[in-house]
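A look at the structure
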Amino acid sequence: MTVRVFVPGDMAAVAVGAGAVVDALRAAAAASGVPIEIVRNGSRGLFGLEPLVEVLTAAGRVGYAAVTAADVPALAASGLFEGKGGHPKFIGDPKALPFFQRQTRLTFARCGVTDPQSLDDYRRHGGYRGLERAVAMTGEAIVDAIKLSGLRGRGGAGFPTGIKWDTVRLTPAAQKYIVCNADEGDSGTFADRMVMEGDPFLLIEGMTIAGVCTGATKGYLYVRSEYPFAVTAMQRAIETARRAGLLGAAVAGSSHAFDIEVRVGAGAYVCGEETALLESLEGKRGQVRAKPPLPAHAGLFGKPTVINNVLSLAAAPFILGEGAQAYRDFGVGRSRGTMPIQLAGDLRNGGLFETPFGVTLGDLIDDIGGGSISGAPIRAVQVGGPLGAYFPPSLFDTPFDYEAFAARGGLIGHGGVVAFNDSVDMAAQARFAMEFCAIESCGKCTPCRIGAVRGVETVDKIVRGEDRSANLTVLEDLCETMKFGSLCALGGFTPYPVMSALTHFPEDFGAPSRAPEAVV
Amino acid sequence: MSASRHQDWDAAASGEVIAAHAGQQGALLPILHALQARFGWIRDEDVPLIAQVLNLSRAEVHGVLTFYHDFRRSPPGRHVLKLCQAEACQARGSRDVTAHAEQKLGVAIGETTADGRVSFEPIYCLGLCASGPAALVDGVPVARLGVEAMDRLLDGALT
Ligand SMILES: Cc1cc2nc3c(=O)[nH]c(=O)nc-3n(C[C@H](O)[C@H](O)[C@H](O)COP(=O)(O)O)c2cc1C
Ligand code: SF4
Ligand code: FES
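Residues numbered from 1 in each chain as written. Chains lettered and ligands numbered in written order. Predicted model: local features only at pLDDT ≥ 70, side-chain atom pairs only at ≥ 80, totals over all residues. Heavy atoms only, no water.

1. Topic: the overall build of chain A
Inclusion rule: Working definition: helices are DSSP H or I runs of at least four residues, strands are E runs of at least two. Numbering for both runs from the N terminus. The globule rule used here is 2.2 Å times the number of residues to the 0.38 power, and the radius of gyration it is set against is calculated over C-alpha atoms. Classification of residues uses two cut-offs on accessible area relative to the type maximum, computed with a 1.4 Å probe and protein chains only: under 20% is buried, over 50% is exposed, and between them is partly exposed. In this charge count, Lys and Arg are treated as positive and Asp and Glu as negative; neither His nor the chain ends contribute. Charge positions are represented by NZ for Lys, CZ for Arg, CG for Asp and CD for Glu.
In terms of regular secondary structure, chain A is built from 21 helices and 16 strands. For chain A, whose C-alpha radius of gyration is 24 Å, the value lies close to the compact-globule estimate of 24 Å for 520 residues. Principal-axis analysis of the C-alpha atoms gives chain A an extent of 75 × 60 × 40 Å. When the 520 residues of chain A are sorted by exposure, 60% land in the buried category. In chain A, the 48 positive side-chain charges and the 54 negative ones have mean positions that sit 5 Å from each other.

Spelled out as structure tokens, the structure:
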């Protein structure tokens, strides 16, 4: 009987040698005369386990963690193809690990489990139930479900998704668009990438539901060029969905037409900002547009446009399929449902952790994240990407929810959590935040374009001990100007990492005795 | 992708690539990507060709070409090493790895070695943030790229 073996095709698994492991497994299977079928699944999302080889046995799946090509002959000899234990890399049933047991996987229910390119597999695991319900509903009823679920945009701003869809639905136009923002530029984030590589039909279904709801017939998926695997995975899955009649002139046999085209970004962080992204899709420089008009009224090519993050759209199939209340039952306060949190940087258990809102930062770092992998104590945690604040351990009691983070001068953004150990130089991090803003500024407004360059210079002066207190005042003023004088959050939020570093870690900003060689 | 895999440029071949992508809405980025994939970089001579087909001014095409970090206006080295410079990789030691590679290659990040062997370039996040330092080596993702692994890479695949 053919043995089913799973080796993730996820970019993070391939980056640590999954491709060579596949070759070695084929060679070992051929040598021992065992017929095998290798499925390139997504990653389950605990990246320290990659490459994670799984074998399907009569009793379910068992795993072998952090396998190298060199390990494979010995693993095969010890009975890998029968799913036997005994080898030190054997971990038994991967989903029994506490990291997975503690999660509530709604969006990531299938990622790492199914064959991402198999539509049958997707359907067998509950896929397309949401769209089937949606095509039998009115646009208004779909909007009501999304509103009731409490879903807020997962791209950063946390705007209620139902209201956005409703605005586009109620704006009359011959052509409307669904644009999926897969620019995922924030450092420390990879959830969008994992969905696109590991469960692409989920995103296709979510975009299609949005189209059916609002009357949009065309979808654009804007994927950053740094994600070549996601681009290929989505293109293949879209082709499959078309052939199955799930995209095209009559979606799922209904009267709705909807199709999706993939477009690739070109290395500009600011193109994650929704209006810059629309400009880029139109073939222009990725410069931020002034609002109004809102994209929902006049977006892509001037037409009413829903623009949503991958995770917002990928939540829709569950909400429609399993019920808005089922989604809403998770979470706290005005942060409903689950958040796919991404644990990154110096953590033992770096990876994707989907959980209801409300878990504290300390639990995420110390407990779920397992503390640092380097062994050094964690000193600072940046939440929400390059525009997010740095938190010291004294603020680890902050619960993961939009309002609680805002109250502490931070943001959850797209859910990235990056841990730094005690070797971090927080002045260097503040400098980097300004430098990144300077590199990525779209150039439209002066406080961002010029302010960020001045910010880098000013941090340098402070660290050198040059007119320290005067330059600290300059930096604070600069941050105020950027905060209130910038058109978008790139210039407007760069002050968060800068000022949080300065507030919580003042000792890193050039007490003259610290770095004698740098003192002028 | 290493430069050797690219095709030689001539105006007719460039025109074909442009024509193949010109029909879609917002065609400029797809055209620039396709040209770069085919020829390795975008030549000044491409600009008027694109402008004519898309009915844009040369200045508009030039403005887009220079806005995006991805598009090259000079030929890359035989190998392209893009090392992540973003925060999660910094937290896993990418600053040291960057300095080490700079020293070993004898160039600053953002430059190409004098012998044209390696273009060493910054990239800001590859979504491999739990496994950094991360890089794209001739388009292939590589993670857990510490100082020793970088040494092996520079002495091996990138020679
Ligand atoms: C500089 C900047 C970068 C952004 N990058 C992204 C991004 O990569 N992905 C994303 O979904 N939203 C990003 N956003 C937020 C978008 O502007 C927008 O709020 C989002 O796409 C709306 O979708 P949502 O409501 O589903 O979150 C960015 C915003 C700014 C200011
Ligand atoms: S804040 Fe910066 S990135 Fe945003 S619109 Fe102004 S110049 Fe452009
Ligand atoms: S920060 Fe380097 S891969 Fe994300």
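2. Focus on the sheet that holds strand β15 (residues 390–391) of chain A
Residue and element names in this part refer to chain A. Quick note on the threshold: Strand pairing is assigned whenever DSSP identifies at least 2 bridges connecting the two strands.
Pairing is mixed across the open sheet formed by five strands, whose spatial order is β13-β12-β16-β14-β15. Strand pairing shows two members of the sheet lacking a second neighbour, β13 (351–356) and β15, which therefore form its edges. Taken together, the five bridges between strand β14 (residues 378–383) and strand β16 (residues 416–421) define a ladder with antiparallel strand orientation. Opposite I378, over in β16, you have N421 as the bridge partner.

3. Quick notes on the interface of chain A and chain B
Rule in force here: Between two residues, a contact is recorded if the distance between any of their heavy atoms is within 4.5 Å. The quantity reported as buried area is the accessible area (1.4 Å probe) lost by two parts once they are put together, taken as the sum for both. Think of a salt bridge as a Lys or Arg side-chain nitrogen and an Asp or Glu carboxyl oxygen that are within 4 Å of each other. What qualifies as a polar contact is a pair of N or O atoms within 3.5 Å, subject to a donor-acceptor requirement within protein and to the restriction that residues adjacent in sequence count only when both atoms come from side chains. Polar here means any residue other than Ala, Val, Leu, Ile, Met, Phe, Trp, Tyr, Cys and Pro, which are nonpolar, and Asp, Glu, Lys and Arg, which are charged; Gly is therefore polar.
Counting residues at the interface gives 62 residues for chain A, matched by 37 residues for chain B. Taken together, the two surfaces of chain A and chain B that pack against each other cover about 3600 Å², and 58% of this comes from carbon and sulfur. Here chain A and chain B share zero salt bridges between them. Applying the counting rule to chain A against chain B returns 27 residue pairs in polar contact (both at pLDDT 80 or more). The leading source of residues in the side of chain A that touches chain B is helix α17 (residues 426–440) of chain A, at six residues. Of the residues assigned to the side of chain A that touches chain B, the class counts are 33 nonpolar, 17 polar and 12 charged.

4. A short note on the site of ligand 1
Residue and element names in this part refer to chain A. To be explicit about the condition: Residues are classed as near a molecule or strand on a simple rule: at least one heavy atom within 4 Å of it. Calculation of accessible area relied on Shrake-Rupley with a 1.4 Å probe; when residues are assessed, cover is drawn exclusively from the protein chains displayed.
Around ligand 1 sit 18 residues, and of these G155, N181, N308, N309 and S312 come closest. In isolation ligand 1 offers 610 Å² of accessible surface; the protein chains occlude 92% of this area. Here the shell around ligand 1 gets three residues from one element, more than from any other, and that element is strand β9 (residues 305–309).

5. Topic: the site of ligand 2
Residue and element names in this part refer to chain A. Stated formally: In the cavity and pocket records, a cavity denotes points on a 1 Å grid over the protein atoms alone where a 1.4 Å probe fits but cannot get out, a pocket denotes an open set with protein on both sides within 12 Å along at least 5 of 7 lines, and lining residues are residues with an atom within 4 Å of a point. To be counted as sitting in a cavity or pocket, a molecule needs more than half of its atoms within 2 Å of that site's grid points.
Contacts to ligand 2 come from 13 residues, most closely from C442, K444, C445, C448 and C488. Most atoms of ligand 2, that is more than half of them, are within 2 Å of grid points of the largest cavity. Looking at side-chain class alone, the shell around ligand 2 contains eight nonpolar, four polar and one charged residues.

6. Focus on the sheet that holds strand β2 (residues 36–39) of chain A
All names here are of chain A. Put simply, the test is: Interaxial angles span 0 to 180 degrees and are taken between N-to-C directions of axes, which are lines fitted to C-alpha atoms, for helices over the stretch in contact.
A sheet is described by the order of its strands in space; here five strands give the open sequence β2-β1-β3-β4-β5, paired in mixed fashion. Because the sheet does not close on itself, it has two edges, and the strands there are β2 and β5 (90–92). Across the sheet, the mean angle separating the axes of adjacent strands is 30° when strand polarity is ignored. Pairing of strand β3 (residues 53–57) with strand β4 (residues 60–64), which is carried by five bridges, proceeds in the antiparallel orientation. For V53, the partnering residue across the bridge sits in β4 and is Y64. Where helix α2 (residues 18–31) meets the sheet, it contacts β1 (3–6), β2 and β3, and its direction lies at approximately 170° from that of β2.

7. Description of the pairing of β3(A)
All names here are of chain A. Alignment of β1 against β3, held across two bridges, turns out to be antiparallel. Its bridge partner being in β3, V5 is matched across the sheet by V55. Taken together, β3 and the strand that follows it, β4, pair antiparallel across an intervening segment of two residues.

8. Considering the pattern of salt bridges
All names here are of chain A. Across all of its chains, the model carries 38 salt bridges over all chains by this definition. Residues E37 and R4 are paired through a salt bridge, measuring 3.2 Å at the closest nitrogen-oxygen approach. Of this pair, E37 sits in strand β2 while R4 is found in strand β1, placing the two residues 33 residues apart along the sequence. Counted as one network, the salt bridges with shared partners bring together E239, R242, R243 and D259.

9. Re the domain arrangement of chain B
Applied cut-off: Where each domain begins and ends is defined by an automated method or by a domain database.
Partitioning chain B into domains gives domain 1 (3–67) and domain 2 (79–157). Averaged C-alpha coordinates put domain 1 of chain B and domain 2 of chain B at centres separated by 29 Å.

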